[in-house]
Every structure is written in C-alpha cells, then in structure tokens.
Number of protein chains: 2
Amino acid sequence: MKIIYSDRHRLHAGDKEMYRGQLVPCFEKPERADFVYDAVKARNFGPILEPKEFAVAAIERVHAPRYIRFLEKAWDLWSAQGYTNDALPAVWPVRGHRTDIEPDHFAGKFGLYSYDSGTPFTAGTWAAAKTGADIALTAQQIVGGGERAAFALSRPPGHHSGPDFFGGYCFVNNAAVAAQAFRDNGAKRVVVLDVDYHHGNGTQTIFYDRSDVMFLSIHGDPRTEYPFFLGHADETGSGEGLGYNKNYPLPAGSSNALWFDALGDAVRRINEFKPDALVISLGVDTFADDPISKFQLREPEYLKLGAQIAALNLPTVFILEGGYAVAEIGHNVAHVLQGFEDAAK
Amino acid sequence: MKIIYSDRHRLHAGDKEMYRGQLVPCFEKPERADFVYDAVKARNFGPILEPKEFAVAAIERVHAPRYIRFLEKAWDLWSAQGYTNDALPAVWPVRGHRTDIEPDHFAGKFGLYSYDSGTPFTAGTWAAAKTGADIALTAQQIVGGGERAAFALSRPPGHHSGPDFFGGYCFVNNAAVAAQAFRDNGAKRVVVLDVDYHHGNGTQTIFYDRSDVMFLSIHGDPRTEYPFFLGHADETGSGEGLGYNKNYPLPAGSSNALWFDALGDAVRRINEFKPDALVISLGVDTFADDPISKFQLREPEYLKLGAQIAALNLPTVFILEGGYAVAEIGHNVAHVLQGFEDAAK
Ligand SMILES: [Zn+2]
Ligand SMILES: [Zn+2]
C-alpha cells in the first residue's frame, strides 16, 4: 500500500505539556513519526509519497470555520503579544458559560477552543496540522480512486480534536476529514474504527448525530483513563445518529482476549452496516510497554488486528494516531500493516 | 463594624499558576489578607473576631454536594498518588462531553470541577476555603442579628466559584453562601453587588434563574478581560430569574466617571428591588496600579464607593474578593469601609 508522509510534521514540536500539576517534556514528539517512517520504509510496503495540497474547505466539512480561522492565525496572535514560548490554555468555558462569543483576547479565544493543557500550540502547529489533514485526504483520494488501502502517516494525531476544539495532542481530526471526504466523493456509508488506547472523543463528537458515518472505538475506560469525559458504553448516538456510535470501554490492564472480543463485536457491526469505505484511527498506545497506557498488545496481536481489518474487505485508509513507546512505535504500526497486507493478498 | 478573620487563610498558599503558557508565582497569596488585616486593624473599625464554625450544609445550599465532597477529599486523593506539589487541572469536559459521571481518576474528577489552571489546589486549600465560608457566614449572622454592617476578611476569594466549579483563585463562593444565609434566615430579597474588576461568573451562575437574589456586577469587558466567557450585558437572567441579573462590562481603561455611571445605575436598580440585605463582593483590583487589571480607582473613588453603598441604607456584609497590588490592597479596602462608616453614621 502507498504511504503518505511529509517531514512538515516536524514543524510541530512542543516543548512542555501540563501533567500532574507540572510542566513536563511532551510525550508527543517528532521522533514518533520518524520511527514510523523508518519502519514502514524498511518493510517496503509501497511507495512513500508526498501529500497533495487540499483547500481548507475539506477540513471545514467537519470543523467549525471559526475554529479553523483561529488555528490559522493563533501563533501570529500569540507571538504579537511578545511571547516566544509555546501557548497553553489557562481558562476555559465551564458549565453555564458562553461559547457563542469568541473573545477578543488571545487567552479567551485559545481557551474557548481547548480541552486540555497538555497540547502546546507552537509556531509550526497549524502548518503541521494542515499538512496532516492533507496527508489523510491524499490517502483517501488514492483509496477512493480504486486502491485497496493506504497509510496516512499524519502527525500531529487527530482523533481527540472535535468540531471546534483541540486537545490530546490533536488539532485537526484527520480521520474525520478522510471519512467525510469518502462521503463527499460518493461513498454512502463510511466507518471510522478507532483502535487507539484512548477514546476518540473528537471523532465521536463530530459524527454523533449522523447515520452515514458509523464510529466505533475500543479504548481504556474513561472512568480511569484519558479523556475521562466521553467514551462510555451508553453513548450510542443521538437523533439520526442513534445506533451508529459504539464504544467499547475496557478496564485498564484488560487481557488481549477481552480486547479481541470487542474487536470481534465491532467487526460484526461493521459488516452489518455494509459501509463503502473504512477509516482506521491507528493508535498503537495499546502496546504492552506504552508509558502512558495500560493494554497488553504486542507483535502477534498487531498482526492479528491487521488481518481482521483486511477480512472486512473494504477500501481502507489507515491514519496514525497515538503511541508513546517511541522506539517501538514504528514496529507496532508496521505489524498492523503487515498483518493487513498478508491477509489482503 | 466588626471584622471577621482567621489566620487559617494561610493554609492556602499556592506555589505556581499557569499564565501565558508558563508556570509563574501565584498572584493570589497570603500576604494579601495580611495587608488587609493590618490596615483595618490600624483604623480601628471595630473588633476583629474569629469566625464560628458552620455545618457544611450551609455551603451546599449554593454548591453541588458532589463538588463539596470532592473538595473535602481532593488533597488526600492527590497526595495518595505520591504527589507533593500543588494540583493543577490538565483536562476538562468541553462541548459535547459528559459531566454526569464523576470519573474515578483524580485528574478526571479535578478537571470536571475546574475552569482554569491558575488556581492551584494545595494541602490546606479546603481548610482555608471552608474557613473563608465560615467567615462570610459569621458576618452574615452578625448583620442578620441586627448590626448595620460587617466585613468578612475571607481568603481565598469566592466570586469566581460556581455551583460545581472552581477557578479564578476561588473554591467556595463566600458571597453566595452569605446571600443564601440571609434568605435562609428570613430575608425575602437579597442583592449581591460585585465591584471586583473581574466579572463574578460564579455568583451569576449560582443565582441566574432566581428572582430572590439579584446579582449586579461592574467589571472589565469579558471580550478582553478574564474570565472571558461570562459577564456580557445581554445576560439578564433566565426563567424566574429574568431581569434579576445585571452586568456592566466596561472597557479596560475606563474612566472613573464611566465606572460611577454604572454604579449609579446599579444603585437605582437595587433601590427599586427593595432588598432586605446587601452583600458586597469587594474586590479592589479596580485599583489604578493593580498589576493584572485596568480600571483607575484610587483613594477618593474608594471612599466614594463606600459612601454610595452606605446610602443604600441596607444591612450590609462586605466580603473580600480580589486585589493584587499587594502592598496597597489594605488601604484600598480600608478606604471603602471608611467611606461607608463615615456616611453611615
Ligand atoms: Zn492514544
Ligand atoms: Zn478580580
């Protein structure tokens, strides 16, 4: 399968994130993508291509325009105040507060669109995030054009970013952008399957009231795991979307058997839905040695995951999400893709 | 007038707050209350009394019990994880996220109830905040018992704390607790007048749908000033509370003439409402030399403010809120009380 990649991801290199009351070095760093690049290149899955450049309108199909306008100019607004350090939010609109008015002050605008203070905004964040979405859109175009699969090596990740918020290291929801692009190019039904350790709260929020894009997520139980405020089993969609959202919150430390039970149920639901295309939010922080997560997947499980995705027999775009065991992230991603390629032959 | 004070406020002494992307020393520090104590003692306004201890039920008349249960045990939960530094929130429930489930993990609980990362939670925060509310309740009891006025020298401040959230250096809304205590002890109508530089978003949120407690606030325009997401002129109350909330957002840098125009309108509305009691959220970050605010009040204006409050001729509880020009905060507070005392004679 073709791999889409750009070294512009390095433009986003945060310094510190807020973690347990202190500023600590960022877990989400450029080396992550470099390790994935090296691993997929070494295995020779296929050509590694630069993304095409798409109009920002494709992003605004799933994100609020005022949010994207803000991301575009955020660094200029911030640095115009004389700051050279990364921006981190410090105040946000809690219950009973207003979100209809975008404040004039940077701190107000920034807080309005934020949901955590672990996601620094840097001079190159928008350029990297826009390119990340272009990578996802390029992969979608390739698969929409008839190829069986493609891998969008996007960074920063995207699945925590919602209609008008950033957080969880995510600014633009690459998976949602790709899923929407499938719809806009003729697919009637699209599935986003999120196998990252963390619930895809951004993707769920984007598609929650829609029946044309089904979202399924297997993740650590939000009662104990980030992002804490979404991802429970009783979130099944709203309005037209009722029945098209499925969460599998699993206890931290869950066995691989339990994890594959959830995947089996997801596969059954996906087959029933009869989608025209599949987007995989491919986080590998499910890895047994991941420093911030608590599942137990390793090479055999990643190969098996890839094979089970292949068995869905759908045009498939893989999109990189989380994974913080930096040295191993490349191998873990490569094993999923290898399992897919072997089974899809 | 009697002054209620306890040195237990010193139990809350945060180390660092998040400000402009960095952790900086806290603006809200114990010296603030010490300077106020020294100034009111020097002027001999009246006896300085220790607060009585009240049941926490008095606080839960305006705060959600699950929020108070969390504050009570927050430090134990945090320190049980091995942390000795202050806690600061790092993730919160944005639009589309759930607040009905309190997560099991400390970071989730803490984020659920937070709205900024400038408000460190320390080992002594709950003890200090509980005592701050006891101070407000003691002052209310004295005034409810027949005295013309009392000054609750509470710290930490309270007006940014809402039904179930902390932020803006505030954990328990002392002014709201006092106003509710007036109601619970026979007053039919109570006014909270907030003259702090910052909008009293917590107090507004607590009383927004009620007609028995009128809330009025003169403050820097939230388009450019903290807390950014509440305090606009079109917020006039909801349901039964419609018409009982009045905001005077003034541009940063506003003249004193403009400020007193707003106060004049507030006085007119308060007189029309015919309340039985008055609570003043007395912030003096309206001071011309305040380091984080942008109004221009000085001694003559503080004397005049005190006199105009006295002219309302109501049983009055003053409650300390903000003010960050630490060395001058005592004089500024004392001038308001002096203006009141001189006019009330
Ligand atoms: Zn993740
Ligand atoms: Zn203030």
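For the structure itself, consult the block above.
Please read all numbers here as calculations on a predicted model, not as lab measurements.

Asker: Could you clarify how one ought to interpret the overall build of chain A in this entry?
Answerer: Within chain A, the regular secondary structure consists of 9 helices and 10 strands. Radius of gyration (C-alpha) of chain A: 18 Å, near the 20 Å computed for a compact globule of 345 residues. In terms of its C-alpha atoms, chain A occupies a principal-axis envelope of roughly 55 × 45 × 40 Å. Residues counted as buried form 63% of the 345 residues belonging to chain A. Counting only contacts in chain A whose residues sit at least 6 apart along the sequence, the fraction spanning at least 24 positions is 77%. Surface accessibility of chain A: about 11400 Å² in total, with carbon and sulfur atoms responsible for 50%.

Asker: Hey, could you run me through the interface of chain B and chain A in this one?
Answerer: For interface size, the figure often reported is the accessible area lost on association. In this complex, chain B contributes 51 residues to the contact, which on the side of chain A involves 51 residues. Counting the surface lost from both chain B and chain A, the interface buries some 4700 Å², and carbon and sulfur atoms represent 61% of this. Of all residues in chain B, Trp92, Arg95 and Phe229 of chain B bury the most surface against chain A, accounting for 19% of the area lost on that side. When the shortest N-O distance is used, the salt bridge between Arg98 of chain A and Asp234 of chain B registers 2.6 Å. Where the side of chain B that touches chain A is concerned, the elements lending two or more residues are strand E3 (22-25), helix H3 (106-112) and helix H6 (201-207) of chain B. Here the side of chain B that touches chain A takes 4 residues from H3 of chain B, the largest share from any one element. For the side of chain B that touches chain A, a count of residues per class yields 24 nonpolar, 16 polar and 11 charged.

Asker: Teacher, can you tell me more about unusual backbone geometry here?
Answerer: Negative phi values dominate among residues other than glycine, just as trans dominates among peptide bonds. With an omega dihedral of 5°, the bond running from Tyr226 of chain A to Pro227 of chain A counts as a cis peptide bond. Of note, Pro227 of chain A is situated in the loop between strand E7 (213-220) and strand E8 (245-250). Each neighbour pair has its own omega, and for Arg155 of chain B with Pro156 of chain B the value is 5°, a cis peptide bond. With respect to the helices, strands and loops of the structure, Pro156 of chain B is situated in the loop between strand E5 (149-152) and helix H5 (174-184). Residues other than glycine seldom take positive phi values, yet Arg20 of chain A does so here, at roughly 55°. Counting through the fold element by element, Arg20 of chain A comes out in the loop between strand E2 (16-19) and strand E3 (22-25). The residue Asn44 of chain A is not glycine, and still its phi comes out positive at about 55°.

What counts and what doesn't
- Residues numbered from 1 in each chain as written.
- Chains lettered and ligands numbered in written order.
- Predicted model: local features only at pLDDT ≥ 70, side-chain atom pairs only at ≥ 80, totals over all residues.
- Heavy atoms only, no water.
- Helix = DSSP H or I, 4+ residues; strand = E, 2+ residues; numbered from the N terminus.
- Rg over C-alpha atoms; globule rule 2.2 N^0.38 Å.
- Buried < 20%, exposed > 50% of the residue type's maximum accessible area, 1.4 Å probe, protein only.
- Contact = heavy atoms within 4.5 Å.
- Areas by Shrake-Rupley, 256 points an atom, 1.4 Å probe, with all protein chains shown as cover.
- Buried area = accessible area lost by both parts, 1.4 Å probe.
- Salt bridge = Lys/Arg side-chain N within 4 Å of Asp/Glu carboxyl O.
- Nonpolar A, V, L, I, M, F, W, Y, C, P; charged D, E, K, R; others polar.

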